[in-house]
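Reading the structure
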Amino acid sequence: MYVRRLIAVAGFLATLSLGVSACTATGAGATSECDVQGCTVTFDRGVDAKISVLGVDAELAAVEGNVVTLKVAGQEVTVPMGSTESAQGLDLTVREITQEKVVVQLSTGL
């Protein structure tokens, strides 16, 4: 009986952790898809796009060519396409820039 209960509890905890590890959030002109490795944020261009992810507020400040300026918890950081910069304990990588959107990966580096 004890072993069956232990297996049931272990299965429940595994299911619970998988459910918590993936989430979706939306903000003003932005959406995010998060998992255990971090969040992929899609900012709409041409609007005041901002979102709160991983405990910080992130905002698309500017795009000039292949260079994106973000505000992360009030700190401005400039990230060229395909490069990674750090701000407020997060690694920021610009994945995609189009006329309609900017896609940024935010991760904790863990």
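Preceding block: the structure.
The rules we used
- Residues numbered from 1 in each chain as written.
- Predicted model: local features only at pLDDT ≥ 70, side-chain atom pairs only at ≥ 80, totals over all residues.
- Heavy atoms only, no water.
- Helix = DSSP H or I, 4+ residues; strand = E, 2+ residues; numbered from the N terminus.
- Buried < 20%, exposed > 50% of the residue type's maximum accessible area, 1.4 Å probe, protein only.
- Contact = heavy atoms within 4.5 Å.
- Pairing = 2+ DSSP bridges.

In this section: the environment of K71. Examined against the element boundaries, K71 turns out to sit in strand β6 (residues 67-72). Given a relative accessible area of 31%, K71 falls into the partly exposed group. When the C-alpha atoms of K71 and L60 are compared, they prove to be 6.5 Å apart, with 11 residues separating the residues in sequence. Those residues within four positions of K71 in sequence are excluded, and the remaining contacts are D57, A58, E59, A61 and E76.

Here the focus is the pairing of strand β4 (residues 50-53). The alternating pattern of β4 places I51 and V53 on a buried face and K50 and S52 on a face that is not buried. Judged from the four bridges that link them, β4 and strand β5 (residues 56-64) form a sheet pairing that is antiparallel. Paired with I51 across the bridge in β5 is A58.

Relative to β6, β5 runs antiparallel, the two sharing six bridges. Opposite A62, over in β6, you have T69 as the bridge partner. In sequence, β5 turns back onto β6 through a hairpin of two residues, with G65 there showing a positive phi of about 65 degrees. With six bridges joining them, β6 and strand β7 (residues 75-80) adopt antiparallel strand pairing. Counterpart to V68 in the pairing with β7 is V79. The hairpin formed by β6 and β7 contains two residues between the paired strands, and A73 there has a positive phi angle of roughly 50 degrees.

By themselves, these figures tell us nothing about what the structure is for.
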